[in-house]
Every structure is written in structure tokens, then in C-alpha cells.
Amino acid sequence: MAEAHQAVAFQFTITPEGIDLHLSYQALSQIYLSGLRSWKKRISRIKNRIIKGVYPASPSSWLFVVIAILATMYMQSDPSMGLIAKIREHLPLSDWWEEYVYLRSRSPIMVNSNYYGMDFLYVTPTSTQAARAGNTITALFLYRRKVNREELNPSRIPGTVIPLCAAQCERMFNTTRTPGEETDVLQHWQDSEFVAVYHRGRYFRLWVYRAGRLLSPREIQYQIQRILDDPSPPSPGEDKLGALTAGNRTPWAQMRKQFFSSGVNKRSLDCIEKAAFFVTLDDQEEGMMGENPSVNLDRYAKSLLHGKCYDRWFDKSFSVVVYKNGKNGLNAEHSWADAPIVAHLWEFTLATDAFHLGYTADGNCKGEIEHFLPPPQRLSWDIPLQVSESLAVAQALADDVDCHVFPFREFGKGRIKKMKLSPDSFVQLALQLAYYRDRGTFCLTYEASMTRLFREGRTETVRSSSNESCAFVLALEDREHCHKLLRKAAEKHQNLYRLAMTGSGIDRHLFCLYVVSKYLGVESPFLKEVLSEPWRLSTSQTPVQQMELFDLVNHPEFISLGGGFGPVADDGYGVSYIIMGEEMINFHVSCKHSCTETVRAKQPNLTTQS
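Sequence positions are assigned chain by chain, starting from 1 and proceeding in written order. Per-residue local features are limited, in this predicted model, to residues with pLDDT of at least 70; the limit for side-chain atom pairs, both in listing and counting, is 80 or more; totals at the level of whole chains, interfaces and linings are taken over all residues. Only hydrogens and water are set aside; all other atoms, that is, all heavy atoms of the structure, feed into the side-chain values.

A.B. asks: What exactly am I supposed to notice about the environment of Glu-181 here?
C.D. replies: To qualify as a helix, a DSSP run of H or I must reach at least 4 residues; to qualify as a strand, a run of E must reach at least 2; elements of each kind are numbered from the N terminus. Checked against the element boundaries, Glu-181 lands in the loop between β4 (175-178) and β5 (185-188). Between the alpha carbons of Glu-181 and Thr-250 there is a distance of 4.6 Å; along the sequence they are 69 residues apart. Residues are treated as being in contact if the distance between any of their heavy atoms lies within 4.5 Å. When residues no more than four places from it in sequence are discounted, the contact partners of Glu-181 are Arg-106, Thr-250, Ala-253 and Gln-254.

In C-alpha cells:
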């Protein structure tokens, strides 16, 4: 096969006349172009490091720094007085959150950990599936190029010039979570020139670079259409193979070791795991459509959250789903990064797709086609195993989760800000009120706050249920002193959020104390009790970070739906929301059918009475 010959740059055979050397000039060309692209990335990063390292210093201050460094080197002194060595000694602390919260979990990551992002609410740029896939894939690779060359404008705290750490972007592409019997491992590759594609039970490898050039959107559409038109059936066991990534982690690790460690299965699995990302071409039509758009939005959310439990590859850093009617979305694995990182990627992708790449009048991608492109490569498998156990576990989990998506249009942050209240605090207090009216009590509430003011920062918990929020809810029920207590509760929440964001929260500190106590073999009843309390209301705001990419004044229909996640507690709710523009807040609410206290019959309390 052509792919096998391209895998090596040269071959040789020993003959009586000596060594006969055969060069593969095509492979050597690919190596040269790959190296050239790698050096472009390195040069761009070196330039950025120089700029970042001296900004905003003046030339005279550079001279002072150089002299100080040379003096330190000459005197062989440690200006930190031992602090640097101490930090290096305890450096693994930064990995504990990733290791113990995500990678050591043995339960399914589908629904329990992975989350999803949706397309535009009102519009679909094209109804041609292959064309939407072509532009989406192109936009994602353009974003990867910016990440590799460090050309992305830094995210900042809204309204300030204070930048946020972008370290999580490093593992956005070419990354897979591989299962282990005790703990999973995140594997990241420096580069990948292809994506893995799933369609009707078959897996394909689609090269998106040719001779060092990123294929045009029209060329990628052409290649995607070849996959859609391929009539070949799945090989035995191939169609539901992805269920292994949806079930419990230990059985998947054991099967991976037994059946995917060598031969054709390993080569095909490598193609999926080393791909830049995963793409599913879904045969369903999704979105806010038809005679019952609300129900269809809920189905759309469930499709992105878990699909059929086997038509996504949940281990990939993210999987893009493109539906038959041109709608799209993504499912993201959580351990490598938090939702704002993926949201930033998805904002860029949607805006680039709709406003920069665009489509022809008949709904096709723009650009020329090189008609001699090699076809996408079918992946081959020899699968003697059964995935029924993993599929059964995943299917039960998927059937149990319930999702409700609704755009709230009565008012948005415009009216809230006129009241001189924080929009996020207002929404959190509304959720407290909704939960109280739903359950008649208060509960421990989790709101995610980023800590990316610090290097490699992830999240901290804002405990939104406070004495002040409870006082407001109770007063609202009695209609007494509501306005004063609302403002007091909102100010309290803002302060809690500010403390969490600046490293003064409590939950990550308690978590580290718990890990240290386990290492030392010290039992702490207090830590055990505090960290085992259920978060029955788990909430998160999806931030809008690149509003300049969307012209909502002239194109108000290009409003994003945001995304959501599954419930954290079996008897609780997962609530995600995105504050879009001045007039809309989109909500994503999830719970489990198996809990009689959170079934759909009770959910109107969450949506109408708040």
C-alpha cells in the first residue's frame, strides 16, 4: 500500500554486489516539509519569548538585568535564597488535580466528566454536511496553527489588560487520554497531519496536509464526501468499538492491553489516538427545528453529550460532530483543560466558519480542488472481543441522564447591569431560588471559577449557597426586604468569586491537604467528611471571550447556544449557562431519571418560577 511505502524514507537490501540503497523521495520530501513547519513554529515561539520576556521593560532595564544575571553567575550565588530549590522539590503538586480528580477515576468519562458545546441557535451556515465539515475542520487547523506559533491574543480578565495563563492550550490537539488499570495517562504528540473520522460504523484516516500545504476547505469537503459515499460495510466488531471509551476505565485498559498492543489493531488505534482530533459524521438531523423545537434542543444536547455511546471517541481531547443537516457541535474530554479553553476554540471555529471562510451560493466550501488527492484510508481491524459489557454500562448511563436546554429571552445582562448587579451573581441567586422552590431546602452549591491568574491554574470552587443567599431566598418567599437582601447576597457572591479567582478559595487547599494526609497515612475525619459532601447543584458559566468575532448588532441571529455537562450528584442538577449579548441567557440543565426528586415533571420549577 502507498501508506506503507511512505512510512519509511529509505530501504536497503544486501546483494553479492554490495548494498543496494532505495530512496523514497516522496517520504524524504514529507520529512523535509514537516521539519520546515516545525522550525517555523520554533522561530515564532522564540520571537514571542523574547518579546514576552522583556515587555514592558526599556533598553536600560535590559542592561541592568543582564548585568545582574552575569554577576549572579560569576559569584555562583542563589538570589532566591533556596526558594527555587524548594519549589522544584514540590513541583509535582501542580499535577495532583489532574491526576486524582480526573485520571484516577475508574467510572465512565462519558456524561460523568466529558462536556459538550453547541452550534449557533438560529442559523446553520450550510445544510450540506460535507461542506460544514470542510469549513469546521479547516477552522480548527487554523486555530492549531495559531496555538503552535503562539499567535493567539491572550485571554484577559474582562475589562482589564490582565492576561490569563494559556498553558492548557498546549494539549488541545494531538492528545488522547489512554486508559490504565489504576490510572489513565494523557498522551500528547507534537504534530499530526490527519484527523480520524467515523461514519456508519467505519473508521477512516483523513490527511489534511499534502506536500506541507493545508488542504483548502473545498478539498476537505471533497474528501469528506468520499467518506459519505463509501458503500463499504463495517468490519466485524468495528461499528461499536467506540463503546470501549464510554464504559468503565479498567475493563477498557485490560482490553486495550490484550487486543490492541500489536498488529493491525495497534496500527489502527494509533491512527485514532495520534489524530489531531476526532470527527463523527452523524446520520441524524439535530438543532432547534420542527414543530417542537424545545424537545429537539434537548435531544441535540443528549446527542452531543453521549450520542449512541459508540459513535464518539470519548478519549480524544475533543471530538467534532457534524450532522446530516449541517448542524455541528463537539464533545470534549475534561482532564487536559477546562471549559473556557474549549469555548475559546469553539468561538473561533464558529466565527471563522461563518464569517471568514464562508460558502458559495449553493452551500459548498470555497477554494479549488486537486482531483488527484488520495482517498481517505479505511482503518482495518481484527476484533475478536465483545464490547457488549462496556456498551451496556454506557447505555444505562446515557438512558438515565435527562437534558433540558432553553434560551431565556425575557431579559439579559443589560437590565441586570442597570440594577448595578453582577450578571453572574444574579443568575446564581436565581438558581438558589429555583432549587429552593423545587426541593424546599438549600444545598451545597458548586460554581467553577478559573484560577488562570496563576501559572497552570485550573479552577477553584465558589460556594454559591451562602448565608446571604439563603436570607434573600427566604425573604423573597415572604416578600420582605427583598431588594436590600438581593444586593447584599449579590455582593457576597461577587466577593466569593473574587477570592476563588485570586487563590483565596478553600476547596483546592482542602483537596491538597487530603492528598498529603493520604501520603502520610494520617486519617482526617474532617477532610473525609468535607470532601465527601455531594454537590447537588453543580453550576458553571460559559464565558464569551471573543465577542469581537461576532457582529450581534448586524447579525443577531448568530448567537451561540453555549454548552453543558451531566449532573455531578445522582440526586442533583448540572446547570451551565452562557450570557449572550444584552438580551439573552441560554441555560443547559441536566439530571437523572432514576432520581424521583429531579425528574422532568419537576423541572418546570427550575425554568419558569425563577
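Next comes the rest of the description.
A.B. asks: Just checking my understanding: could you explain the confidence of the model for the protein for this structure?
C.D. replies: Keep in mind that low pLDDT regions are not for reading the predicted coordinates in detail. Residue-level confidence of the predictor is what pLDDT reports, using numbers from 0 through 100. Considering every residue of the protein, the mean pLDDT works out to 85; 82% of them sit at 70 or more. Confidence drops under a pLDDT of 50 for residues 1-23, and excluding neighbours within four residues, the segment shows 31 contacts in the predicted structure. Counted against residues more than four places away or in other chains, residues 603-610, with its pLDDT under 50, gives 20 contacts.

A.B. asks: Could you clarify how one ought to interpret the pattern of salt bridges in this entry?
C.D. replies: When charged atoms on two side chains of opposite charge get close, those side chains can pair. Salt bridges are identified by distance alone: a Lys or Arg side-chain nitrogen within 4 Å of an Asp or Glu carboxyl oxygen. Following the criterion strictly, the structure yields 30 salt bridges and no others. Arg-249 is paired through a salt bridge with Asp-184; the nearest N and O atoms lie 2.8 Å apart. On the criterion of sequence distance, the pair formed by Arg-249 in helix α8 (residues 249-259) and Asp-184 in the loop between β4 and β5 is long-range, its members being 65 residues apart. You can call Arg-249 buried: its relative accessible area is 0%. A residue is classified by how much of its surface remains accessible, and Asp-184, at 2% relative accessible area, is buried. Accessible area is worked out with a 1.4 Å probe on protein chains only. A residue is then buried under 20% of its type maximum, exposed over 50%, and partly exposed in between.

A.B. asks: Would you take a moment to explain helix α7 (residues 217-229) for this structure?
C.D. replies: Structural remark: α-helix, 3.6 residues per turn; residues separated by three or four positions point the same way. Under the convention used throughout, the expected extent of a helix is 1.5 Å for every residue step, that is, one less than its residue count. Between its first and last C-alpha, α7 extends 18 Å over 13 residues, near the 18 Å set by a 1.5 Å rise per residue. Of the residues making up α7, those classed as buried are Pro-217, Glu-219, Ile-220, Gln-221, Gln-223, Ile-224, Ile-227 and Leu-228. Looking at the packing, one finds that the buried side of α7 touches α6 (129-148), β6 (194-199), β7 (202-207), β9 (213-214), β10 (278-281) and α11 (339-357).

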